[in-house]
Amino acid sequence: DYMVAAQPDNGAWLHPPIRGRLGFVSTVEGVWASLGLTAAYAATDDARYLQAATRWYDYQIQSIGFEAINGGLAANYYAHSHHSVPNVTTMLIWLTVELQRLTGDEHFTRYTEPMLTFIEGSQLPSGELPYVVERRPHFMCYQYNSFQFLDLAYTYEQWPNERLLTVLHKLARFLSTGLLPDGSSRYDCFKRTPEVTYWGGALATALRKATGLGLGDYLAQSEDAYQHLLGRQRTDG
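Worth saying up front: this structure is predicted, and the values here are computed from it rather than measured.

The rules behind these values
Residues numbered from 1 in each chain as written. Predicted model: local features only at pLDDT ≥ 70, side-chain atom pairs only at ≥ 80, totals over all residues. Heavy atoms only, no water. Core = buried A, V, L, I, M, F, W, Y, C linked by side-chain atoms within 4.5 Å. Buried < 20%, exposed > 50% of the residue type's maximum accessible area, 1.4 Å probe, protein only. Contact = heavy atoms within 4.5 Å. Phe/Tyr/Trp six-rings, centres within 6.5 Å; stacked < 30°, edge-to-face > 60°. Pairing = 2+ DSSP bridges. Helix = DSSP H or I, 4+ residues; strand = E, 2+ residues; numbered from the N terminus. Salt bridge = Lys/Arg side-chain N within 4 Å of Asp/Glu carboxyl O.

> Go over the nonpolar core with me, naming the residues and quoting the values.
Residues Trp56, Phe66, Phe149, Leu168 and Leu175 are the most contacted members of the largest nonpolar core, which totals 72 residues. Discounting chain neighbours no more than four positions away, the residues touching phenylalanine 66 are Ile61, Leu73, Ala74, Ala75, Asn76, Leu92, Tyr111 and Met115.

Structure below.
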């Protein structure tokens, strides 16, 4: 209810008031808010939640827009800037498929295939999706790619196709190289440490999901990561 009440008439939620980003409108915040609202709508059938998500989508398309790259379309990171960050495109792909599923309106998936084309063209030979195409190939490699894998995996469950499956296969193989022998996640593509606990949880979940989709047998790795994560939990929770 708060998210619906806090949404401006134009559909854009403002970035949290962080120094240097005051007044920014971010694809990340808007898409994740909308995904939460679509889940709330599916659970409650309250049309206000779906309407708020569709208002964000309209703002995303009309005001944030895309950058043409790799023969496809990359969602812009902010309303006022252009950065080819695959992370924001994978989550927007998921949202477009969710909105089409819930409304039956195919206009929500008008840009889905061009966005997938961008993702295909951005994927590195290793299977990793870079942080910023042609500018910053690596950044928190396994954490970012775990969440991108999950975005695309949830998309695939609603929109199964061979192109997306190929991306997921390569991405799963990359993620399988991210665990250390003790079950923790590597810090990035170059360093083993420092250890960040939640990165291991994201990687464990992605590997479990990859196994469930038949992309490979990553179950033992996922279990190792979960056991390591549980071992890190303090007695107070």
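> With reference to specific residues and values, describe the packing of aromatic side chains.
One pass over the full model with this rule turns up 14 aromatic pairs. Between tyrosine 77 and tyrosine 78, the ring centres sit 5.0 Å apart and the planes meet at 70°, which makes this aromatic pair edge-to-face. Residues tyrosine 198 and tryptophan 199 carry aromatic rings whose centres are separated by 6.4 Å and whose planes lie at 85° to one another, so their mutual orientation is edge-to-face. The exposure class assigned to tyrosine 198 is partly exposed, which follows from its relative accessible area of 48%. Given the relative accessible area of 4%, tryptophan 199 is considered buried.

> An account of the pairing of strand 1 (residues 66-69) is needed here, citing residue identities and associated values.
Within a regular strand, side chains alternate between the sheet's two faces. Of the pairings in the sheet, the one linking strand 1 to strand 2 (residues 72-75) comprises four bridges and is antiparallel in character. Of the residues in strand 2, the one forming a bridge with alanine 68 is leucine 73. Adjacent in sequence and paired antiparallel, strand 1 and strand 2 are bridged by two residues, among which asparagine 70 carries a positive phi angle near 55°.

> With reference to specific residues and values, describe the pattern of salt bridges.
Here the structure, examined in full by the defined rule, presents nine salt bridges. A salt bridge links glutamate 98 to arginine 101, with the nearest nitrogen and oxygen atoms 3.0 Å apart. On the criterion of helical spacing, the pair formed by glutamate 98 and arginine 101 is a turn pair, its members being three residues apart in helix 4 (residues 86-103). Classification of arginine 101 as partly exposed rests on a relative accessible area of 40%. Between glutamate 113 and arginine 163 there is a salt bridge, and its shortest N-O distance comes to 3.2 Å.

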